[in-house]
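Residue-level structural notes
Spelled out from the first residue to the last, the chains are:
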Amino acid sequence: MTKQRLVIIGNGMAPGRMLEHLFETSTDYDVTIFNAEPRVNYDRIMLSPVLSGEKTYEDIIIHGDAWYEDHGITLHRGEKVTHIDREAKTVTSEGGITAPYDKLVIATGSNPFIIPCPGHDLPGVLAYRDLNDVDGMLAAAEKGGRAVVIGGGLLGLEAAAGLKMRGMDVTVLHLMPTLMERQLDPAAGYLLQKELEARGIDIRCGANTKAIHGKDAVEAIELDDGTMIDATLVVMAVGIRPNVAVAQEAGLTVNRGIVADASLRTSDPDIFTVGECAEVDGRVYGLVAPLYQMARVAASHLCGTCDKEFMHSETPTKLKVTGVNLYSVGEFGDGPGMEDVVLRDAAKGTYRRVILRDNKVIGAVLYGDTADGAWYNEMLKSGQDVSEMRETLIFGQNYQGGGAVNPLAAVANLADDAEICGCNGICKGDIVNAITAKGLTSLGDVRAHTKASASCGTCTGLVENLMALTLGDAMSKAPEGMCGCTTLGHGDVRRLIKAKGLKSIPAIMQELEWTTAEGCAKCRPALNYYLVADWPGEYKDDQQSRFINERVHANIQKDGTYSVVPRMFGGMTTPDELRAIADVADKYDIPSVKVTGGQRIDLLGVKKEDLIPVWADLNKAGMISGAAYSKGLRTVKTCVGTDWCRFGTQDSTGLGIKLEKYLWGSWAPAKLKLAVTGCPRNCAEATCKDIGVICVDSGYEIVYGGAAGLHIQGTTMLGKVATEEEVIETIGALTQYYRETGFYLERIYKWADRIGYDHIRDVIFDDLDARKAFADRFAYSQTFAQIDPWAERVAGAESHEFKPMAVLDAALEAAE
Amino acid sequence: MNVALAETDLTWRHVGTIDDIPRQGARCVKNAEMTIAVFRTSDDRVFALEDKCPHKAGPLSNGIVHGGCVTCPLHNWVISLEDGTAQGADEGATASFPVRLEGRDIYLNLSA
Ligand code: SRM
Ligand SMILES: Cc1cc2nc3c(=O)[nH]c(=O)nc-3n(C[C@H](O)[C@H](O)[C@H](O)COP(=O)(O)OP(=O)(O)OC[C@H]3O[C@@H](n4cnc5c(N)ncnc54)[C@H](O)[C@@H]3O)c2cc1C
Ligand code: SF4
Ligand code: FES
C-alpha cells in the first residue's frame, strides 16, 4: 500500500509534538515539512535561557537531524510556503519547491507585532521570536550600550533580564501602569518591578513610544512626552498576531486565526491547523500547553482513532527569569461575586492572592513563593467547593490538615489528577503510572515517556519529588548520557572504568561502545579526569583531552591572551613575592594586575609566548601555579586568627597554609575552594566554600557543601575535631571521597546533595578506619600531583604549545 | 619557466613535519597577515585553518580536536577541520587552506 502524503507548513513546537503522537500510533504517512526558519525543531520557550547564557542552542533542540532521518521525514529548511493549491492539492515554497499532499497541516505560528512608528525598520530594531532574534541581541550586547525593550509582558521582561545578564544597560518601556497586567494584578506587578529594578533594569510604565531615531542604525528612542533615551538596540515585544497569510490566500475561513473545529480541521476537510495560528471556538493561544493539546487532538484525527477533541482550559503563567518566582492562573479582575483573599509578607517580599466566586477558586496570583501554584490550579480546574478551608486556604496546602512542611509530603498530598507539568498537561497520576508501569528510574526516562518537565522545565523539582516518592531509593539520579557520544551516564562510566579496569580513553570508548570515534569536547575532559583520579601513577594525563586552560596552566581571555595567578598559600605573601610580581608585570608589559576574590594576585593579559618566561621569573621567586584555571584545588582563604585578631581562637592562617600545602596540585571533579576562619564571625567566608573550617575555642568545626557562585547555599556541618592533624586527615578523606565518586563538573554541594550528607558523614567521619584509608589514598595520589606545572614547562615540557611551528615572513621572523 | 618556479615556491611553503604536531592537537604558523592553525588528527591527517573562530575570533589552535572537528576554547563552537565551517546550528566559516603532506613534511598553500 502506498503511504499517504502528509505535508506540514511550519516546524515549530506544535507540529513537532503532533508528529511524536502520530508516530506512536501510525506509520501510514510520508511526511514533508516546510520551515521558513533554516533549522530543526527547537524549544522556542527556552530562547530566554539561551539569551541569558544559561543554556546553549544545542541544549534546546527538540528533534535533531537524526530524528528526521529515522522517521523518513523530508525537511525543507529555510523554505517558506507561499501558495497552497487546494484543487491540485499541492503547496509551493518561495524557493520553488512544490509538494503534493493528501493531508495538509498549517502550523505557521505567529508573527511578532511591530509598532509601525517612524524608524521601526532601522537596523538594530528586533522582535523576539526566534533564534535569529537572539543572535541579533547577542551581537548587540557584544558591543554594549543601552537596550530599550518595548513591552513589559512575559517576552519583554525575559528579554530585558537576559540582556542585562549579558552586560547591557536596559530600559523597559511599558504602555500600561503596571508590568504584565494581563497575568498579574497591580500588587504583584509592583513587586516584580521592584525586583527587576533592584537588578539594575530601568523600568518606565505608562511610556508610549513615538519614534525611533538614528541614521544608519538605532541611536535613540523618543517617547510621547518628548523624553529621549539613547539606545543601541530596540527589542519590540508588544504582542503577536496569528500568522494566517497562506491560509487566507488559499481561501480558508480565517478570523483572528485560522478557524478550526474541535478536531482542528479547517474549513477544508483535508487541511488541519495546529499552534498559535489556529483559532478554536473564538480563541487563539500563545502558550504551549493548549498547543500541545491541539497537537494531540490533530494526531488522533490524522491517524484515524479520532478519539480526542480540543477543549479550552486555563494555562498558568510563569516567568522564566532566574530568581524571580511568580505564578498566575485564571481570573483576577474585579467582577460580580468575586472575593479576594490576600496574604502579604513585606519582609520576605512575598504576596499571594486567591480569587473566589461561589466558594470556588477561580484565580490565583503568587509572587515570591509559588510552591502552592499547582495546588490552587488543581482546585480551580476541579471546581471544588472550598468553604471548609476558607480560613486557611491562603496559607497553602501544607497548612491543610496539619500536613508537614515537607516537599515530599506536599506531592504525596496532591490528588491524582493534580497537574504537575502545565506546559504538557501532565497530571500526577500519569507520571506515577508511567514510572510504575514502565519501570522508569531516571528523570530523562520520565521526560521521554511522559513529557513532564520537558518544556519550560519549571516543574522539574516537582517531578523529581514525585519520583522520589514513588521510587524511594530505586530512583536513579544520574539519568542522562554524559554527552551525545554515549547513553551511559557519568555514574555508569565511573563504575565501569573501575569494574573493567579501563585505563585509557580509547579503551573506555571501545569497551563502553562510544558512538563517536574520538568523543567530543564534553566527554573527553571528563574521561581524562576519571582516569587521572582512578589510576594515580599509572595513567598518563592526556593533554589533548584537557581544556586549553589546563593544558597551558593559565586562563584564556577573550582576546586569546592569558592570565597568570601565582599561589599565595593561605593568602599570605611577602615583600619579595610582591616585588617579583611587580617585576614581571613591568618586564613583560602586563596590562592589568588585580587582587582576586581568592586572596591572591592576578596578572591579566599575558601573551601566550610570554607565559614560559613569566613563570620562570615567578618560580625563581619561589612561587608556583595557583591553578586558578583548574578543576582541582584553587585557594584556601584564611583570616588573621590568633596571630593578630582579638577574637581569634586558633591559628587559622597557619592551618590554612598547611591545608593548602597538603592539597595543592590535586585534580577534582570541579573546582575546589576552601577557607579557614578564626572564629564564627567568619571573616574568611568559610561557610559558603566547598570545604570550610571554623575555629572555635574547643577545636575545629569542619563544614562543606557551600556555594557562592551561580547558586548560593550555606555549608552543612560534617563534624567537629580537636586537633589540626584531624582537620587535615578529615579534609583529605572528604576530598578523596569526592574525587572518587563525583561526576565531572559537579561541585561538592551537588555531589553531596546527590549522594547524601548523612551517608558522607557515616563514611568519612564516623568510621575512623575508612577515614584513614581515604586520606591515605589521597596522600598517595598527591605524590604524583604535586609537581608544579609551570616549572615542568619552564624545563621544556609541552613546548609545542607555546611556540609557533613556523614563521613565514622574514620581517616577522626577525622580530620573534 | 622562472616565473612558474617562483610561483610554486611561493604557493607551497614548507612549515614543518607532522611530528611537530601532537595527535589531536595543533600548532600555529604565522605570516605577515595572520596566524594559521595546522591540525593533526588521530589518524594523521593534517588540515590548516585561519586561527580565528568565525564566532568571535577565538584561537582555534587552542581547542580540543575530535572526529574531524575542533571545539573552540572560547564558546564551544564546533568547526570542521576540512572546510572551516561551523557545525550544527551555528553559522559561519573560517578560511581553510590546502595542505600537502609529502612523507612527513607539511606544505601549506596560503595563496589559494
Ligand atoms: C579572578 C577571579 C575574579 C576576581 O577578579 O577576583 C575569578 C575569575 C574567573 N572566574 Fe570566578 N573568579 C574568582 C573568584 C571566584 C569566587 C570567589 C571565591 O573563590 O571566593 C567565586 C564564587 C565562589 C564559588 O566558586 O562558589 C567564583 C565563581 C565562579 C563561577 C561560578 C562557579 C559555580 O559553580 O557556581 C565561575 C563559572 C564556572 O566555573 O563555570 C567562575 C569562572 C571564572 C573564570 C574562570 C571565567 C572563565 O572561564 O574565564 C574567570 C577567570 C578569569 C581569569 O582569567 O583570571 N567563577 N569565582 C577570582 C579568582 C580567585 C582566585 O584567586 O583563584
Ligand atoms: C522568547 C519566548 C519565550 C516563550 N516562553 C514561553 C513559556 O514560558 N511558556 C509557554 O507556554 N510559551 C512560551 N512561549 C510561546 C511558545 O513558544 C509558542 O506558543 C509556541 O512556540 C508556538 O508554537 P507553534 O508551533 O504554533 O509556532 P512556532 O513555534 O512559532 O513555529 C512556527 C514555525 O513556522 C514557520 N513558518 C511560518 N510561516 C511559514 C510558512 N509560510 N512556511 C513555512 N514555515 C513557516 C516559522 O518560521 C516557525 O518556525 C514563548 C515564546 C517566545 C518567543
Ligand atoms: S570574573 Fe567571574 S564574575 Fe567576573 S565576569 Fe568573569 S566569570 Fe563573571
Ligand atoms: S570565539 Fe569561538 S566559539 Fe566563540
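An unreviewed UniProt entry annotates chain B as Assimilatory nitrite reductase [NAD(P)H] small subunit originating from Tropicibacter naphthalenivorans.

Going by an unreviewed UniProt entry, chain A carries the name Nitrite reductase [NAD(P)H] and comes from Tropicibacter naphthalenivorans. Taken verbatim from the UniProt record of chain A, the Pathway (unreviewed entry) comment is "Nitrogen metabolism; nitrate reduction (assimilation)." In its Sequence similarities (unreviewed entry) section, UniProt records this for chain A: "Belongs to the nitrite and sulfite reductase 4Fe-4S domain family."

**Regarding the overall build of chain A**
Along its length, chain A carries 26 helices and 41 strands. Classification of the 816 residues of chain A by burial places 54% in the buried group. Relative to all contacts within chain A whose residues are 6 or more apart in sequence, the contacts with residues 24 or more apart total 61%. Counting only carbon and sulfur atoms, one obtains 51% of the accessible surface of chain A, whose full area is about 34800 Å².

**Regarding the overall build of chain B**
Helix and strand counts for chain B come out as 1 helix and 10 strands. Across the 112 residues in chain B, those meeting the buried criterion constitute 51%. Put simply, 38% of the contacts in chain B that link residues at least 6 apart link residues at least 24 apart. If you sum the accessible surface of chain B, you get close to 5100 Å²; carbon and sulfur atoms cover 48% of it.

**Focus: the interface of chain B and chain A**
With 35 residues of chain B in contact, the opposing surface of chain A contributes 34 residues. Between chain B and chain A lies a buried interface of about 2700 Å² when both sides are counted; carbon and sulfur atoms form 56% of it. At the surface where chain B touches chain A, the tally comes to 1 salt bridge. A salt bridge links E142 of chain A to K56 of chain B, with the shortest nitrogen-to-oxygen separation between them at 2.4 Å. At the boundary of chain B and chain A, one finds 16 residue pairs in polar contact (both at pLDDT 80 or more). Looking at the side of chain B that touches chain A, the elements that each hand over two or more residues are β1 (12–17), β2 (25–30) and β5 (64–66) of chain B.

**As for the sheet that holds strand β14 (residues 202–205) of chain A**
All names here are of chain A. In spatial order, the strands read β11-β18-β12-β13-β14; together these 5 strands make up an open sheet with parallel pairing. Both outer strands of the open sheet, β11 (125–127) and β14, are each paired with one neighbouring strand and no more. Averaged over all pairs of adjacent strands, the angle between their axes in this sheet comes to 20°, without regard to strand direction. Looking at chain direction, strand β12 (residues 146–150) and strand β18 (residues 233–236) are connected through 4 bridges and run parallel. Residue V149 lies in a different strand from β18, and its bridge partner there is V235. Sheet strands touched by helix α5 (residues 154–165): β12, β13 (169–174) and β18. Its angle to β13, the strand with the most contacts, is close to 170°.

**Details of the UniProt feature "binding site: [4Fe-4S] cluster" (unreviewed entry) in chain A**
Residue and element names in this part refer to chain A. Taking the numbering used here, the UniProt-annotated feature "binding site: [4Fe-4S] cluster" (unreviewed entry) corresponds to C639, C645, C679 and C683. Spanning 45 residues, the annotated positions come together in the fold, the maximum distance between their C-alpha atoms being 10.9 Å. Take C679: it is sitting in the loop between β35 (672–677) and β36 (691–696). Judged by relative accessible area, which is 8%, C679 ranks as buried. Each residue touching C679, except ones within four places of it in the same chain, is listed here: F647, T649, I694 and C695. Along the polypeptide, C683 turns up in the loop between β35 and β36.

**A few points about the nonpolar core**
All names here are of chain A. Among the nonpolar cores identified, the biggest contains 121 residues, and M18, L19, L163, L192 and L264 are the most heavily contacted of them. By residue number, the principal contributor to this core is helix α8 (residues 288–302), which donates 9 residues. Of the domains in this structure, domain 1 (4–111 + 242–302) and domain 2 (125–238) are the two that each give at least three residues to this core. Discounting residues that sit within four places of it in the chain, L19 has contacts with L6, I8, V31, I33, W67 and I73. Ranked by size, the runner-up nonpolar core spans 42 residues in total, among them I624, W664, V727 and I760.

**Looking at the site of ligand 1**
Residue and element names in this part refer to chain A. Taken together, 19 residues lie near ligand 1, and Q557, T596, G597, R600 and K671 sit nearest. Contact between ligand 1 and K673: an oxygen atom at 2.8 Å from a side-chain N or O atom of the residue. Note that an oxygen atom of ligand 1 is positioned 3.3 Å from one of the backbone N or O atoms of A708. Grouping the amino acids of the shell around ligand 1 by side-chain chemistry returns 3 nonpolar, 8 polar and 8 charged.

**Regarding the pattern of salt bridges**
Residues and elements named next belong to chain A. The full count for this structure, using the stated rule, is 46 salt bridges over all chains. A salt bridge links R77 to D65, with the shortest nitrogen-to-oxygen separation between them at 2.8 Å. Note that R77 is positioned in strand β5 (residues 74–77) and D65 in helix α3 (residues 65–70), a separation of 12 residues in sequence. For D534, the salt bridge goes to R494, with nearest N and O atoms at 3.2 Å. Of the two residues, D534 sits in helix α16 (residues 523–534) while R494 sits in helix α14 (residues 490–499), which places them 40 residues apart along the sequence.

**Overview of the side chain of R546 of chain A**
Of note, R546 of chain A is situated in the loop between α16 and α17 (548–552). Look at R546 of chain A and you get buried, because its relative accessible area is 6%. For R546 of chain A, the side chain forms a polar contact with the side chain of E550 of chain A, separated by 2.5 Å. Setting aside residues no more than four positions away along its own chain, R546 of chain A makes contact with N528, V532, D541, R551 and W667 of chain A together with I64 of chain B.

**Some remarks on unusual backbone geometry**
Residues and elements named next belong to chain A. One non-glycine residue, H553, lies in the positive phi region at around 55°. With respect to the element layout, H553 can be found in the loop between α17 and β30 (555–556). The buried category is assigned to H553, whose relative accessible area is 5%. Look at D589: it is not a glycine, yet its phi comes out positive at around 55°.

**Concerning the sheet that holds strand β15 (residues 209–213) of chain A**
Residue and element names in this part refer to chain A. With antiparallel pairing, the 3 strands of this open sheet are ordered in space as β15-β16-β17. In the strand order of this sheet, the two ends are held by β15 and β17 (228–230), each with one partner. Looking at each pair of strands side by side, their axes are set apart by 20° on average, direction ignored. In this structure, β15 lies alongside strand β16 (residues 220–223), joined through 4 bridges in antiparallel fashion. The partner of A211 across the bridge, within β16, is E222.

**Notes on α16 of chain A**
Owing to its 3.6 residues per turn, the α-helix brings residues three or four apart onto one side. Between the first and last C-alpha of α16 of chain A there are 16 Å, a value that for 12 residues agrees with the 16 Å anticipated at 1.5 Å per step. Within α16 of chain A, 12 of the 12 residues are buried, leaving the element largely enclosed by the surrounding structure. When we look at burial in α16 of chain A, the residues that qualify are C523, R524, P525, A526, L527, N528, Y529, Y530, L531, V532, A533 and D534 of chain A. Where α16 of chain A is buried, its residues meet α14, α15 (505–511) and α21 (724–741) of chain A together with β5 of chain B.

**Focus on a negative patch on the surface**
Residue and element names in this part refer to chain A. On the surface, a cluster of negative charge is contributed by D762, D766, D767 and D769. With respect to the helices and strands, the residue D766 is situated in helix α23 (residues 757–766). The partly exposed category is assigned to D766, whose relative accessible area is 48%.

**Describing the packing of aromatic side chains**
Residue and element names in this part refer to chain A. Applying the stated rule across the entire model yields 15 aromatic pairs over all chains. For the pair W615 and W790, a centre-to-centre distance of 5.4 Å together with 10° between the ring planes defines the contact as stacked. Of this pair, W615 sits in helix α19 (residues 611–620) while W790 is found in helix α25 (residues 789–794), placing the two residues 175 residues apart along the sequence. Exposure remark for W790: the relative accessible area of 0% places this residue in the buried category. When the ring centre of W535 is taken as origin, the NZ or CZ atom of K498, which lies over that ring, is 4.6 Å away. If you follow R754 out to its NZ or CZ, it ends over the ring of F743, 3.4 Å from the centre.

Rules and cut-offs
- Residues numbered from 1 in each chain as written.
- Chains lettered and ligands numbered in written order.
- Predicted model: local features only at pLDDT ≥ 70, side-chain atom pairs only at ≥ 80, totals over all residues.
- Heavy atoms only, no water.
- UniProt positions renumbered as here; feature names shortened; annotations may be inferred.
- Helix = DSSP H or I, 4+ residues; strand = E, 2+ residues; numbered from the N terminus.
- Buried < 20%, exposed > 50% of the residue type's maximum accessible area, 1.4 Å probe, protein only.
- Contact = heavy atoms within 4.5 Å.
- Areas by Shrake-Rupley, 256 points an atom, 1.4 Å probe, with all protein chains shown as cover.
- Buried area = accessible area lost by both parts, 1.4 Å probe.
- Salt bridge = Lys/Arg side-chain N within 4 Å of Asp/Glu carboxyl O.
- Polar contact = N/O pair within 3.5 Å; in protein donor to acceptor, adjacent residues only side chain to side chain.
- Pairing = 2+ DSSP bridges.
- Axes fitted to C-alpha atoms, helices over the stretch in contact; angles between N-to-C directions.
- Core = buried A, V, L, I, M, F, W, Y, C linked by side-chain atoms within 4.5 Å.
- Domains from an automatic or database assignment.
- Near = heavy atom within 4 Å.
- Nonpolar A, V, L, I, M, F, W, Y, C, P; charged D, E, K, R; others polar.
- Expected span 1.5 Å × (residues − 1).
- Patch = residues over 30% accessible without salt bridge, like charges linked within 9 Å, V, L, I, M, F, W, Y side chains within 5 Å.
- Lys, Arg positive; Asp, Glu negative; His and termini not counted.
- Charge placed at Lys NZ, Arg CZ, Asp CG, Glu CD.
- Phe/Tyr/Trp six-rings, centres within 6.5 Å; stacked < 30°, edge-to-face > 60°.
- Lys NZ or Arg CZ within 6 Å of the ring centre and 35° of its normal.

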